[in-house]
Amino acid sequence: MTHVVPPNRPTSPRTPVLVAFALVLAALLTGCSGQEPATAPSSDPVQRLLDEWADDGHGGVAVAMASDDEELAVAAAGSAGPQGDALQPDAAFRVGSLSKTFVSVMVLQLVADGAIGLDDLVTDHAPDLTVARGVTVRQLLAHRTGIPEHTDGELAPAVLADPAKAWEAAEVLDLVADQPRDFRAGEKFAYSNSNYVVAGIVLETVTGTTLADNLRTRIVQPLGLTSTWFAPDGARAPIEGFSRALPGGNTTGSSYRALETAAGAAGALVSSVSDLATFLRALAHGELLPAETYEEMTHGLPDEGWSLGVFPSNPPTETGISHNGSIPGFATYMQYDPSTEDLFVLLVNDDTRSAERLAVELLEVVRTS
């Protein structure tokens, strides 16, 4: 096993087939009436395929989609964990690196408020963060710091050795504090979870309140989200997952505390497909950031550019944003394009299976339906 806390680098399933699937599936499932998200009926070919896919494995899948910003449609199938409970469309999943988009938004809110500047040094606001010496806030959010990836070394064996340990963000960064930079800050792009552990500390230091409280007051409450929090902060537990990385093959074999606390601002978020859809729409339509700050966030898309906490849609467009994520037991993806108003969220609680393969199969179903 290479990583107990996966690196969450922006690769699969951010592929063109998922986007094509999103657009076709959105057209198939939208157009429902009422205020609540509509669950696809069991007679629907998409729902049947989700059921079949879930029956062939251990876990389950939830999707949310919409076209032209019409009413959100959701579908789910499979198991919410080893206990065998049926997965519900509003289930709360661990969503891994989708956390980074939320953290970036909260840091950018500080920028919009004038509390910090994108080109300020990190140490101007958090002097103790010597691991980020010489790094600007913009470089941090854009993965252009050269700070080494903390999940590549000692973290995995430490988490396995004491799965009930509650990690502090500073302890996580201590794992790379004495390592040389991979490159000079600003020189190039290299995805690193360490960047967003640092960003979480900056957020807490500048605001004087916790990451969890910032999320609650800056995003959850304003948007009326019901299933979004930073673990282990939530009032209820997220669903359980199946994983090749964990002893026993699932997330119930031992405590998840070390995993979620070590992931922290880089990957400890819990959310649902409906909440993520609401968040993406609100972000793109100016409910969370002023227009000029959102432009800074998406600067350079669809090329690599200097985007902050988001990546291009696939296939890339001038306005489409996305992010994917993973954490033991879970694989996740979200995408929204405000120019077409097409939205897609996919959450899976089984990292032993390919979410991309499921998308390919779903696309074939909707093309032939």
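The model shown is predicted, which means the values in this text are computed figures rather than measured ones. (Residues numbered from 1 in each chain as written. Predicted model: local features only at pLDDT ≥ 70, side-chain atom pairs only at ≥ 80, totals over all residues. Heavy atoms only, no water.)

S.K.: In this structure, what is going on with the pattern of salt bridges? I would like to understand it.
M.R.: A side chain of one charge can pair with a side chain of the opposite charge if their charged atoms are brought near each other. Evaluation of the coordinates by the stated rule reveals 8 salt bridges. The residue Arg94 makes a salt bridge to Glu260 at a minimum N-O spacing of 2.8 Å. With Arg94 in strand β4 (residues 93-94) and Glu260 in helix α10 (residues 257-267), this pair connects stretches of sequence that are 166 residues apart. Per residue, the accessibility class of Arg94 equals that of Glu260, and both read buried. (Salt bridge = Lys/Arg side-chain N within 4 Å of Asp/Glu carboxyl O. Helix = DSSP H or I, 4+ residues; strand = E, 2+ residues; numbered from the N terminus. Buried < 20%, exposed > 50% of the residue type's maximum accessible area, 1.4 Å probe, protein only.)

S.K.: Is there a simple way to explain the packing of aromatic side chains in this structure?
M.R.: The relative placement of two aromatic rings is captured by the distance of their centres and the angle of their planes. Counted under the stated rule, the structure contains 5 aromatic pairs. The interplanar angle of 80° and the centroid separation of 6.3 Å between the aromatic rings of Phe93 and Phe330 together place this pair among those described as edge-to-face. Remark: Phe330 occurs in strand β9 (residues 330-337) and Phe93 occurs in strand β4; sequence separation between them is 237 residues. Exposure class is identical for Phe93 and Phe330. Each is buried. Seen in terms of ring centroids, Tyr191 and Phe311 are 6.1 Å apart; in terms of plane orientation they differ by 40°. Their pairing is tilted. Placement of Tyr191 in the loop between α7 (169-174) and α8 (193-207) and of Phe311 in strand β7 (residues 311-312) is noted, with a sequence separation of 120 residues between them. A relative accessible area of 7% means that Tyr191 is categorised as buried. Accessibility expressed as a relative area gives 8% for Phe311, which makes it buried. Ring-pair connections join several aromatic residues into one group, and the members of that group are Phe189, Tyr191 and Phe311. The ring of Trp306 has Arg144 lying over it, and the distance from NZ or CZ to the ring centre is 4.4 Å. (Phe/Tyr/Trp six-rings, centres within 6.5 Å; stacked < 30°, edge-to-face > 60°. Lys NZ or Arg CZ within 6 Å of the ring centre and 35° of its normal.)

S.K.: Quick question: what am I supposed to make of a negative patch on the surface here?
M.R.: On the surface, Asp51, Glu52, Asp55 and Asp56 cluster together into a patch of negative charge. Looking at where Glu52 falls in the secondary structure, it is placed in helix α2 (residues 45-55). (Patch = residues over 30% accessible without salt bridge, like charges linked within 9 Å, V, L, I, M, F, W, Y side chains within 5 Å. Areas by Shrake-Rupley, 256 points an atom, 1.4 Å probe, with all protein chains shown as cover. Lys, Arg positive; Asp, Glu negative; His and termini not counted. Charge placed at Lys NZ, Arg CZ, Asp CG, Glu CD.)

S.K.: Looking at this model, I keep getting lost on the pairing of strand β3 (residues 73-78). Mind explaining?
M.R.: On any regular strand, side chains alternate: one points to one face of the sheet, the next to the other face. For β3, a buried count of 5 out of 6 residues is recorded, marking the element as mostly surrounded by other parts of the structure. Sheet topology note: the strand β2 (residues 60-66)/β3 ladder contains 6 bridges and is antiparallel. The residue bridging Val61 from the neighbouring strand is Ala77, located in β3. (Pairing = 2+ DSSP bridges.)

The quantities given are spatial measurements derived from coordinates; they are silent on function.
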